[in-house]
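For reference, the chains in residue letters:
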Amino acid sequence: MADVLTFTDSGIYCPAGDFFIDPWRPVPKALITHGHSDHARPDMGRYLATEGTAPVMQYRLGPEARIDTVRYGEARRIGDAKVSFHPAGHVPGSAQIRVEVKGEVWVASGDYKTVDDGLSEAFDAVPCHAFITESTFGLPIFKWTPQEVLAQQLNDWWQANAAAGRASIVGAYALGKAQRLMRAVDAGIGPMLTVTAVENTNEVLRAQGVNLPETSRITEDVSAKSHPGALIIATPGSTTHNWVRRFPGAATAFASGWMSMRGVRRRRGTDRGFVVSDHADWDGLNAAIKATGAEKIFVTHGYTGTFQRYLAEQGYDAHVVSTEYTGDDAEDAA
Amino acid sequence: MKQFATLFARIDETTKTRVKVDALASYLSAAPPEDRVWMIALFTGRRPKRAVTATRLREWAAEVAGLPDWLFEESYHVVGDLAETISLVLPDPTHEVDHSLTHWITTIKALAGVEENQRKAAVIAAWDSLVPDQRFLFNKLLTGGFRMGVSAKLMTRALAISTGQDEATLTHKLMGSWSPETTTWEHLIETEDPTADLSRPYPFYLAHPVDVPDDLGAPSDWHAERKWDGIRGQFIHRGGAHYIWSRGEEVMTDRFPELAQLADFLPDGTVIDGELLAFADEAPLGFNALQKRIGLKKVPAKALRDSPVIFMAYDLLEHAGADIRQTAFAERRALLIDMLRDVPAQIPIRLSQEVAFKTWDDLAKVRSLSRDHNVEGLMIKRKDSPYLAGRKRGDWWKWKVDPLTIDAVMIYAQSGHGRRANLFTDYTFAVWNGEELTPFTKAYSGLTDAEFREVTAWVRKNTLQKFGPVRQVKPHHVFEIAFEGIQPSSRHKSGVALRFPRMLRWRKDKPVDEANTLDDLNEMLKLYG
Ligand SMILES: [Zn+2]
Ligand SMILES: [Zn+2]
């Protein structure tokens, strides 16, 4: 039987439907799992994404991008392929893409996580013959802090800083992680501030009906004086910008899956590291793969070689595929 | 252990001195007294000995976590720390308990006396009752590798804050050969008796590096001598006994039995600051010879013959039982010269000779000959300076000789640990041997993050072969490698081993065929080995 999906220099390709999934080179037809920049790239002829992903893509790729939308679970016929999108639990609107050709089902999962983050649509295991998985955190050293413990840690940290008259700056990825933290904390502790990249994403998400707590954008006149004891949600790159000086003595933290490693925490030079990721941890990856019932597994990015070997030892027909996905948290760690 | 884990996390995750000192001071106020003493002990290098081998721990952890050995090893490679890897891969504890730090250290010490299967059961039971951050600390204590990013000085400052005593007094109290099993908080910290421990050395005064001494002012205000390449130490003769302390605050008395006779010629109530050197025919044998002695706790006669050790005296800190550190250096030195004048030549102590100079240029000429004398450069001390504690700027300077360098070709690259697991940061370098490239050293520091990224991108595109995590790359890039010393080595294909090799710069300007040769290395070995 011919492969439902193949791996090309431009991305994951479906010959029966003549379309690509998350391609990294310009192609006529692109199906997109989610809005992160390593998966939703510019210059595609046409895009197809979920209703929850399209607004962020439109904002990031510009008004010229031609994006068609689809609901979760809605079946579409493209050429000889039957296609549907299913929640991946990674960020709001993120999807696994199910492709069926002559009864053979393959699923490209993009990025995913299996735990409920209180924000994204919950991951849905899709039965399939072949499953394409990431492995950003595909080592047994990665185990995430449960969401309620994380919330408690964040609140305690923020509260202690606020009581000491300090602002709390936490670095997190602008789409997904930032909003997840906002929803997890107790908004009663103090004001919440955001840097531009985060607030712009907030606006897009609020407009599509995602419920987020009240936040204020950091403008020239926002400082430790105007917003005492604030929690500031910043992108990893923005914590060296000028606005930081208006919050002297602020406590700093970074929220990422890499924070589970001591060496990474130390090199970051922040006061605190919160272990939180929008990717699956070791147990999550293994549980998700098992739940699909797939026998053939393709590993796209992360600790690919190691994870493939482990899967092969567990009896899967596992392969490494080289792609240009970087994993958002991988960027965060650089 | 929870309190201690919180302390560790607060210290470990910040670079701010204020935060570290606050965390230590609050621990010293809140923890039970016996835990405080253990904390001080751990921070001053008084760690419990390794109780279980690393090999066993790996096996047990992989077994408990249900992982194949190779996967445990790959995880270890990424994390870069065994204690941490174990703490991360194990399943969550089934029954958390919060025992004191002292409880866990006592548990660990008791492991030494039991059968291996009991030891294994005890370790696994401990793992099962500790959450990962506490488990990590337990593992560190277990493997004898406990270290924290805090100097003894910072700890002393925190102790000063929490007890109200001054730092210098506390520093002195913490020196000497105490252990938490032989002392109490009351005795160690609260009691006012600085002479209680006769073995106690003075805190060492450390020099700052200087690049050009011209700014130091009039040469006549300064005294110069050679910077000997051995182990800094103090020789103490008090109460009829003698002690030798290293700068690392370790008692080394028994490792250098030949120095016992010094006590017969130096009066009681004497403390001399100096350098332990392997030395024969009035010349140093080099650090390599001394290194052979450091590891030996029992010293065989052959080692005493082949690598005899002397004490090269720099300074007199205690004279006739009195602390004279506040006296001017020139006066202390005069007393030292007096004391050593009549010591016979067969006794293994020497006065570090003064290097006379009129101008800084004179001194620069002497410095340039340092390698010929097997010394690291020069020490420059202000004649009227007191003997201070720690690394204080202004009075003592070290003017080191430039490192040796060689241009070498990168032939293998390996990924780093942790965040650097995605970057190639560990390289193997080679020199030309005819048409062939002979590897001679590895180096993994000295480049900027941007350079590491650039090399990584290049390695990905120019890999010839993969051997596990190691990649053989096209011989193309030349790096200037700096190192402090060179010695013959039968374990290396090149026949040489370098001391402290690191990348000085990436020689993008240099074509690969202009890198140095094995003959060049052998020439260096002849000159400086
Ligand atoms: Zn993503
Ligand atoms: Zn990704």
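Being a predicted model, the structure only gives us computed values, none of them experimental. Along each chain, the written sequence defines residue order, and numbers are assigned to residues from 1. For this description, chains carry letters from A and ligands carry numbers from 1, given in the order in which they are written. At least 70 in pLDDT is required for a residue's local features to be given in this predicted model, at least 80 for side-chain atom pairs to be given and counted, and no such filter applies to totals for whole chains, interfaces and linings, which use all residues. To obtain the side-chain values, all non-hydrogen atoms of the structure were used and water was disregarded.

**Focus on the overall build of chain A**
- Only DSSP runs of H or I with at least four residues qualify as helices, and only runs of E with at least two residues qualify as strands; both kinds are numbered from the N terminus onward. Across its full length, chain A holds eight helices and 19 strands.
- Buried residues in chain A amount to 61% of all 334 residues.
- Sequence separation of 24 or more characterises 59% of the internal contacts of chain A that already satisfy a separation of 6 or more.
- For chain A, the accessible area works out to roughly 12,700 Å², and carbon and sulfur atoms hold 48% of it. We call a residue buried when its accessible area falls under 20% of the maximum for its residue type, exposed when it is over 50%, and partly exposed in between, using a 1.4 Å probe and counting protein chains only. The contact rule is simple, with two residues in contact once any of their heavy atoms fall within 4.5 Å. A 1.4 Å probe and the Shrake-Rupley method give the accessible areas. Residues count as covered only by the protein chains that appear here.

**A closer look at the overall build of chain B**
- The secondary structure content of chain B amounts to 19 helices and 22 strands.
- Counting across all 529 residues of chain B, residues that qualify as buried make up 52%.
- Look at the contacts in chain B between residues 6 or more apart in sequence, and 70% of them connect residues 24 or more apart.

**Re the sheet that holds strand β11 (residues 375-382) of chain B**
Residues and elements named next belong to chain B.
- Should DSSP find at least two bridges between two strands, the strands are taken to pair. Within the open sheet, the four strands sit side by side as β2-β13-β11-β3. Their pairing is mixed. Taken across any chain shown, the strands that pair with only one partner, and hence form the sheet edges, are β2 (208-209) and β3 (222-228).
- Bridging between β3 and β11 involves six bridges; their strand directions are antiparallel. Counterpart to Ala-224 in the pairing with β11 is Ile-380.

**Let's talk about the pairing of strand β10 (residues 104-108) of chain A**
All names here are of chain A.
- Among the five residues that make up β10, five are buried, leaving the element largely enclosed by the rest of the structure.
- Neither face of β10 is open: one carries Glu-104, Trp-106 and Ala-108, the other Val-105 and Val-107, and all of them are buried.
- Of the strand pairs in this sheet, strand β9 (residues 95-101) and β10 are connected by five bridges, and their pairing is antiparallel. Of the residues in β10, the one forming a bridge with Glu-100 is Val-105.
- Sheet analysis places β10 next to strand β11 (residues 130-135), joined by three bridges and oriented parallel. The residue of β11 that forms the bridge with Trp-106 is Ala-130.

**Section: the side chain of Arg36(B)**
Residue and element names in this part refer to chain B.
- Looking at the element boundaries, Arg-36 is found in helix α3 (residues 33-43).
- Buried charged residue Arg-36 carries no salt bridge. Nearest counter-charge: Glu-190, at 5.3 Å.
- Residues contacting Arg-36, with those up to four places away along its chain left out, are Leu-28, Ser-29, Ala-31 and Trp-185. We count Lys and Arg on the positive side and Asp and Glu on the negative side, and we leave His and both chain ends out. Within this document, salt bridges are pairs made up of a side-chain nitrogen of Lys or Arg and a carboxyl oxygen of Asp or Glu, the two lying within 4 Å of each other.

**Notes on the nonpolar core**
- Counting residues in hydrophobic clusters, the biggest one holds 98 residues, and the most contacted among them are Phe4(B) and Phe138(B).
- In terms of residue count, α3(B) provides more of this core than any other element does, seven residues in total.
- If we ignore the near neighbours within four places in the chain, the residues touching Phe138(B) are Met1(B), Trp104(B), Ile108(B), Val123(B), Ala126(B), Trp127(B) and Leu130(B).
- By size, the runner-up hydrophobic cluster in this structure holds 35 residues, among which are Ile189(A), Phe247(A), Ala253(A) and Ala255(A). What makes a nonpolar core is a set of buried Ala, Val, Leu, Ile, Met, Phe, Trp, Tyr and Cys residues whose side-chain atoms join them at distances within 4.5 Å.

**Describing the side chain of Thr133(A)**
- One can find Thr133(A) in strand β11.
- According to the relative accessible area criterion, Thr133(A) is buried, its value standing at 1%.

**Brief notes about the sheet that holds β10(A)**
Residues and elements named next belong to chain A.
- A sheet is described by the order of its strands in space; here seven strands give the open sequence β7-β8-β9-β10-β11-β18-β19, paired in mixed fashion. In this open sheet, the two strands that pair with only one neighbour each are β7 (76-78) and β19 (317-320). Strand-to-strand twist in this sheet, taken as the mean axis angle between neighbours without regard to direction, amounts to 25 degrees.
- As judged from the six bridges shared by strand β8 (residues 81-87) and β9, these two strands associate in the antiparallel manner. Across the sheet, the residue bridging to Val-83 is Val-99, located in β9.
- Together, β11 and β18 (296-302) form the strand contacts of helix α6 (residues 282-292), whose direction differs from that of β11 by roughly 175 degrees.
- A fitted line through C-alpha atoms represents every axis, and for helices the fit uses only the stretch in contact; the resulting angles, taken between N-to-C directions, go from 0 to 180 degrees. Against the sheet, helix α7 (residues 304-313) contacts β11, β18 and β19, and its axis sits at roughly 160 degrees relative to β18.

**A look at the interface of chain A and chain B**
- Contacts between chain A and chain B engage 27 residues on the former and 29 residues on the latter.
- Here's the idea: put two parts together, see how much 1.4 Å probe accessible area each one loses, and the total over both is what we call buried area. Contact between chain A and chain B buries roughly 2,400 Å² in total, counting both sides, with carbon and sulfur atoms accounting for 51%.
- Notably, a salt bridge pairs Arg262(A) with Asp12(B), separated by 2.6 Å at the nearest N-O pair.
- We define a polar contact as two N or O atoms separated by no more than 3.5 Å, with the added condition that, inside protein, one atom must be a possible hydrogen donor and the other a possible acceptor, whereas residues neighbouring each other in sequence contribute only through side-chain atom pairs. Our enumeration of links across chain A and chain B arrives at seven residue pairs in polar contact (both at pLDDT 80 or more).
- Broken down by secondary-structure element, the contributors of at least two residues to the side of chain A that touches chain B are α5 (262-268), β17 (272-274) and α7 of chain A.
- A total of six residues in the side of chain A that touches chain B trace back to one element, the largest contributor, which is α5(A).
- Gly is put with the polar residues, along with every residue not named as nonpolar or charged; the nonpolar set is Ala, Val, Leu, Ile, Met, Phe, Trp, Tyr, Cys and Pro, and the charged set is Asp, Glu, Lys and Arg. Looking at the side of chain A that touches chain B residue by residue, the classes come out as eleven nonpolar, six polar and ten charged.

**Things to note about the confidence of the model for chain A**
- Overall, the prediction assigns chain A a mean pLDDT of 92, with 97% of residues at 70 or greater.
- Every residue in residues 329-334 of chain A is under pLDDT 50, and counting partners more than four places away or in other chains gives 22 contacts. A score between 0 and 100, pLDDT records how confident the predictor is in each residue.

**Examining the coordination of the zinc ion (ligand 2)**
Residues and elements named next belong to chain A.
- Summarising the metal site, the zinc ion (ligand 2) is bound by the protein donors His-39 (NE2), Asp-111 (OD), Asp-111 (OD) and His-301 (NE2), whose distances to it range over 2.1 to 2.6 Å.
- Note that water is not among the atoms used; donors are N, O and S atoms within 2.8 Å of the metal (3.2 Å for Na, K and Ca), so sites may look incomplete. For four-coordinate sites, all angles between 85 and 135 degrees define a tetrahedron; for four- and six-coordinate sites, opposite donors beyond 155 degrees with the remaining angles between 65 and 115 define square planar and octahedral shapes respectively, and all other cases count as irregular. Angles of 56 to 128 degrees at the metal separate the four donor atoms of the zinc ion (ligand 2), which places the site in the irregular class.
- Sequence positions of the donors to the zinc ion (ligand 2) reduce to the motif H-x71-D-x189-H.
- Distance-wise, the zinc ion (ligand 1) is placed 4.1 Å from the zinc ion (ligand 2), both being coordinated by Asp-111. Here His-39, found in the loop between β4 (29-31) and β5 (46-50), pairs with Asp-111, found in the loop between β10 and β11; they are 72 residues apart in sequence, far enough to count as distant.
- The class for His-39 is buried, based on a relative accessible area of 0%.

**Quick word on the pairing of β18(A)**
Residue and element names in this part refer to chain A.
- Of all seven residues in β18, five are buried, a share of seventy percent or more.
- Summarising the sheet, β11 and β18 pair through five bridges and their orientation is parallel. Directly across from Ala-130, in β18, lies its bridge partner Lys-296.
- Two strands pair when backbone bridges link them, and β18 and β19 are joined in this way by four bridges, in the parallel orientation. Within the sheet, the bridge partner assigned to Lys-296 lies in β19 and is Asp-317.

**Details of the pattern of salt bridges**
- Tallying each qualifying case throughout the model produces 41 salt bridges over all chains.
- Glu100(A) serves as the salt-bridge partner of Arg98(A), at 2.9 Å between the closest nitrogen and oxygen. Glu100(A) carries the same exposure label as Arg98(A), and that label is buried.
- We note a salt bridge from Glu484(B) to Arg502(B), for which the minimum N-O separation is 2.9 Å. On the criterion of sequence distance, the pair formed by Glu484(B) in the loop between β19 (478-483) and β20 (485-488) and Arg502(B) in strand β22 (residues 502-506) is long-range, its members being 18 residues apart.
- Relative accessible area serves as the criterion here: at 23%, Glu484(B) is assigned to the partly exposed category.
- Owing to a relative accessible area of 25%, Arg502(B) belongs among the partly exposed residues under this scheme.

**Describing helix α8 (residues 116-127) of chain B**
Residue and element names in this part refer to chain B.
- Multiply 1.5 Å by the residue count of a helix minus one, and that product is the helix's expected span. Over its twelve residues, α8 runs 16 Å from end to end, which matches the ideal 16 Å to within 8%, given 1.5 Å per residue.
- Those residues of α8 lying buried are Arg-119, Val-123, Ala-126 and Trp-127. Seen along its axis, α8 keeps its buried residues to an arc of 100 degrees; they face one direction.
- In this structure, the buried residues of α8 make contact with α4 (54-65), α6 (82-89), α7 (101-111) and α9 (132-142). This arc is taken over the directions from the axis of the helix to the C-beta atoms.

**Here we look at the environment of Arg332(B)**
- With respect to the element layout, Arg332(B) can be found in helix α16 (residues 329-341).
- Once you skip the residues sitting within four places of it in the chain, Arg332(B) turns out to touch Asp315(B), Leu316(B), Ile324(B), Arg325(B), Thr327(B), Ser385(B), Pro386(B), Tyr387(B) and Trp396(B).

**Re helix α5 (residues 69-79) of chain B**
- For α5(B), the set of buried residues is Trp70(B), Leu71(B), Phe72(B), Ser75(B), Val78(B) and Val79(B).
- Next to the buried residues of α5(B) lie α6 and α7 of chain A together with α4 and α6 of chain B.

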